[in-house]
Amino acid sequence: MTAWAPEDFPLLLRKNSAEMTRVLGGPESEEKLAGRQQRYEALSAREPAAGRMFRVALADTAEPVGSVGFWEREWRGEPVYEAGWGVLPEYQGRGLAVAALAELLAYARTHGTRSAVHAFPGTDHPASNAVCRRAGFTCLGEVDFEYPPGVPHPSQDWRYPLS
């Protein structure tokens, strides 16, 4: 994993397909993607405990195949981290998301200041729920999670303790 950088914008464009964004509210406009790119770069320039966005690349070729990240949030009155990831369709099913998430959790355990990482995959997204399970998260049950903001989506609340 490498911290998100300006040269990662083409990967963000590739991840903006209808297939990749189906459970995230659909593809974003180029203007929104430019803003997302700026947020990812800014997050990765802050102190490590604030979170990070990382490029996921193949070990043998360094080809970019996805992203994984974590950021600060409040969840049910507790300061926690939230994690998110995405691997391009042609690379899915190889364990890359689980490996990237495991590496991210190790990073958060080393650099983080919060007690847990949560992930909120939709109940209609079995692959992402399987990633959480395989990465060692505990499912706390179903919640209505807003994403995009203002749009409640039935999701699972997965928790991974950092301490």
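Residues numbered from 1 in each chain as written. Predicted model: local features only at pLDDT ≥ 70, side-chain atom pairs only at ≥ 80, totals over all residues. Heavy atoms only, no water.

**Student:** Explain the pattern of salt bridges here, please?
**Tutor:** Between side chains of opposite charge, a pair can form as their charged atoms come close. Counted according to the given criterion, the structure contains eight salt bridges. A salt bridge links Arg55 to Asp8; the shortest N-O distance between them is 2.5 Å. With Arg55 in strand 2 (residues 51-57) and Asp8 in the loop between strand 1 (2-3) and helix 1 (9-15), this pair connects stretches of sequence that are 47 residues apart. For the pair shown, Arg55 and Asp8 are each scored as buried. Across the pair Glu72 and Arg46 runs a salt bridge whose closest N-O atoms are separated by 3.7 Å. Here Arg46 lies in the loop between helix 3 (30-45) and strand 2 and Glu72 lies in strand 3 (residues 64-75), a separation of 26 residues in the sequence. Each of Arg46, Glu47, Glu72 and Arg114 takes part in one network of salt bridges that share partners. (Salt bridge = Lys/Arg side-chain N within 4 Å of Asp/Glu carboxyl O. Helix = DSSP H or I, 4+ residues; strand = E, 2+ residues; numbered from the N terminus. Buried < 20%, exposed > 50% of the residue type's maximum accessible area, 1.4 Å probe, protein only.)

**Student:** Any chance you could explain the environment of Leu101 here in plain terms?
**Tutor:** Checked against the element boundaries, Leu101 lands in helix 4 (residues 96-111). Sequence separation between Leu101 and Phe70 is 31 residues, and the spatial gap between their C-alpha atoms is 9.7 Å. Each residue touching Leu101, except ones within four places of it in the same chain, is listed here: Val68, Ala83, Trp85, Val131, Ala135 and Phe137. (Contact = heavy atoms within 4.5 Å.)

**Student:** Teacher, can you tell me more about the environment of Pro152 here?
**Tutor:** Topologically, Pro152 is positioned in strand 7 (residues 152-161). Beyond its immediate sequence surroundings of up to four residues, Pro152 is in contact with Asp144, Phe145 and Glu146.

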